[in-house]
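As a plain string of letters, each chain reads:
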Amino acid sequence: ASASASLEATRPSDCGAFLSLSPTPARFEDVLVGETSPPHTFTLSNSGDAAGNTLAVSLGGLDGSEFTVARDACSGRSIAPGGTCTVDVVFAPTHSGALMGLLQVQALAGPNATAPLSGTALAPVADITISPMTQDFGTALLGCPGASQVFTVTSTGTLATGPLVVALSGADASSFELVRDDCAAGLAVGASCEVEVRFSPRVTGSLVATLDVDVAGRTVAAMLTGTAI
């Protein structure tokens, strides 16, 4: 004789609310310090079988203050089973580096949900380009003014340059002449100025120098060449 019994799993009629956030984790776009990223939308879902208690949204984590809740459709609400609500968060860094935070949604006297946040904040920098980067002034007679060339200096960074220092350097710098410099006052982001250089050889031969523009503690240079006979 034998006996058998069958077991059937049953789900309790009331398991409570179960909250979850998506997406998680969330990586924000790189932004400059002082600027704000586009918003990331997070969806809070209740996959339990009971309504959650009143919700409260907050930001925490190591760098929680570097993120901001831009729109909150969850706080003060109770989410029914199968229901959702959304929260928009932006990355608004005040200092540079790889930063991390935490989006938290807490049901009062109930469950909570979290989503890790991360983003890289870039420090504003001043930068420039010189066009053309190389210039051959051709051939000139010794002691006579030769050809001149206008160089355009453009601010390509994310910060105004401040005053720019323009100079000629190199072994044959004395054979080139700085005729005009409109860059001393510096440049706003995206702006340009002009520098004019003339080939005025003082020795014969193939001559080489550089046009140097100092910006934010570093030098951007254009190469100058010419032949004197």
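Definitions and limits used
Residues numbered from 1 in each chain as written. Predicted model: local features only at pLDDT ≥ 70, side-chain atom pairs only at ≥ 80, totals over all residues. Heavy atoms only, no water. Pairing = 2+ DSSP bridges. Helix = DSSP H or I, 4+ residues; strand = E, 2+ residues; numbered from the N terminus. Axes fitted to C-alpha atoms, helices over the stretch in contact; angles between N-to-C directions. Core = buried A, V, L, I, M, F, W, Y, C linked by side-chain atoms within 4.5 Å. Buried < 20%, exposed > 50% of the residue type's maximum accessible area, 1.4 Å probe, protein only.

Draft legend 1. Quick look at the sheet that holds strand β4 (residues 40–46). Pairing is antiparallel in the open sheet, where four strands are placed in the order β1-β4-β7-β6. Looking at which strands have only one partner, the edges of the open sheet turn out to be β1 (19–22) and β6 (67–72). Here the strands of the sheet are splayed against their neighbours by 30 degrees on average, with no regard to which way each runs. Relative to strand β7 (residues 84–91), β4 runs antiparallel, the two being bridged by six bridges. Bridge assignment links L44 to a residue of β7, and that residue is C85.

Draft legend 2. A look at the nonpolar core. With 26 residues, the main nonpolar core has F151, V153, L164, F176, V197 and L211 as its most contacted residues. At the level of elements, β10 (128–131), β11 (134–140), β12 (148–155), β15 (192–199), β16 (205–215) and β17 (218–228) are the ones that each hand at least two residues to this core. In terms of nonpolar packing, the next biggest core, distinct from the first, is built from 24 residues, L19, A26, V57 and A121 among them.

Draft legend 3. Unusual backbone geometry, seen in detail. Omega for the peptide link from S22 to P23 comes to 0 degrees, which places this bond in the cis form. Among the secondary structure elements, P23 is positioned in the loop between β1 and β2 (26–27). Cis geometry is found at the peptide bond from S131 to P132, where omega equals 0 degrees. With respect to the helices, strands and loops of the structure, P132 is situated in the loop between β10 and β11.

Draft legend 4. Structural detail: the pairing of strand β9 (residues 112–122). Strand direction decides the pairing type here: β2 and β9, joined by two bridges, are parallel. Counted as the bridge partner of A26 is L117 from β9. Relative to β9, strand β3 (residues 31–32) runs parallel, the two being bridged by two bridges. Note that in β9 the partner of L32 across the bridge is L122. As judged from the 10 bridges shared by strand β8 (residues 97–107) and β9, these two strands associate in the antiparallel manner. Residue M100 lies in a different strand from β9, and its bridge partner there is S118. Counting the residues between successive antiparallel strands, the hairpin from β8 to β9 contains four residues, one of them, A109, with a positive phi of roughly 55 degrees.

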